[in-house]
Amino acid sequence: MKIIINTLERKVDNGFVTTVHWSSIKTSGEHTASQYGTESFEATESSFVPFDQLTQEMVIGWLKNRWGTEGLTAKEAALDAQLAVLANPPVITGLPWSD
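These lines cover the structure that appears in this document, whether it is placed above or below. Since the structure is predicted, the reported quantities are computational estimates derived from the model, not experimental observations. (Residues numbered from 1 in each chain as written. Predicted model: local features only at pLDDT ≥ 70, side-chain atom pairs only at ≥ 80, totals over all residues. Heavy atoms only, no water.)

### Focus: the nonpolar core
Counting residues in each nonpolar core, the largest one holds 11 residues, listed as I3, I5, V17, V20, W22, F41, L54, V59, I60, L63 and W67. Secondary structure elements with two or more residues in this core: β1 (2-10), β2 (17-28) and α1 (56-87). Ranked by the residues each element gives to this core, the list is headed by α1, at 4 residues. Those residues in contact with L54, other than ones at most four positions away along the chain, are L8, V17, V49 and W62. (Core = buried A, V, L, I, M, F, W, Y, C linked by side-chain atoms within 4.5 Å. Buried < 20%, exposed > 50% of the residue type's maximum accessible area, 1.4 Å probe, protein only. Helix = DSSP H or I, 4+ residues; strand = E, 2+ residues; numbered from the N terminus. Contact = heavy atoms within 4.5 Å.)

### Considerations on the side chain of K75
Positionally, K75 belongs in helix α1. In this structure K75 is buried but unpaired, with E39 as the nearest side chain of opposite charge at 5.2 Å. With residues up to four places along the chain from it excluded, the contact list for K75 reads M1, W22, Q35 and W67. (Lys, Arg positive; Asp, Glu negative; His and termini not counted. Salt bridge = Lys/Arg side-chain N within 4 Å of Asp/Glu carboxyl O.)

### Notes on the pattern of salt bridges
On inspection of all chains with the given rule, the structure shows 3 salt bridges. A salt bridge links D80 to K26; its shortest N-O distance comes to 2.6 Å. Of this pair, D80 sits in helix α1 while K26 is found in strand β2, placing the two residues 54 residues apart along the sequence. Here the salt bridges do not stand alone but share partners, grouping K26, E76 and D80 into one network.

### So, the packing of aromatic side chains
Summed over the entire model, instances satisfying the criterion amount to 3 aromatic pairs. Centroid distance W22 to W67: 4.8 Å. Interplanar angle 65 degrees. Geometry classified as edge-to-face. Of this pair, W22 sits in strand β2 while W67 sits in helix α1, and the two are 45 residues apart along the sequence. Exposure remark for W22: the relative accessible area of 4% places this residue in the buried category. According to the relative accessible area criterion, W67 is buried, its value standing at 10%. When the centroid spacing of 5.7 Å and the interplanar angle of 55 degrees are considered together, the rings of F41 and W62 count as tilted. (Phe/Tyr/Trp six-rings, centres within 6.5 Å; stacked < 30°, edge-to-face > 60°.)

Shown next, in the form of C-alpha cells:
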C-alpha cells in the first residue's frame, strides 16, 4: 500500500497543519484500488515543525501513528477487497448481440 499526501491545510497565523488530505493506492496485476481521506490534527508547540521543513515522509508518519497497526491493517484490507472485486466483478455489463 502506498500512501500519498494530496494537500495540507494550515493556519495562516502560525503555520500549524490542521488537516491532511491523503490517498492510499495498491496495485495487483492490471488492477488498482484507491482510497481518499482526511485526518485532522491539533498542533502543540512541542510538536510544531515549520511548514517549509515538513516532508511527505514526516506527514505519512503522522498518519501511520494516528491510525496505528489496526488502522493500517483495515485500510490495506479495504484495498485488497477492492482489488478482489476488480479481478472478479460480481456484475458485468454488455449486450448479447453485436451490430
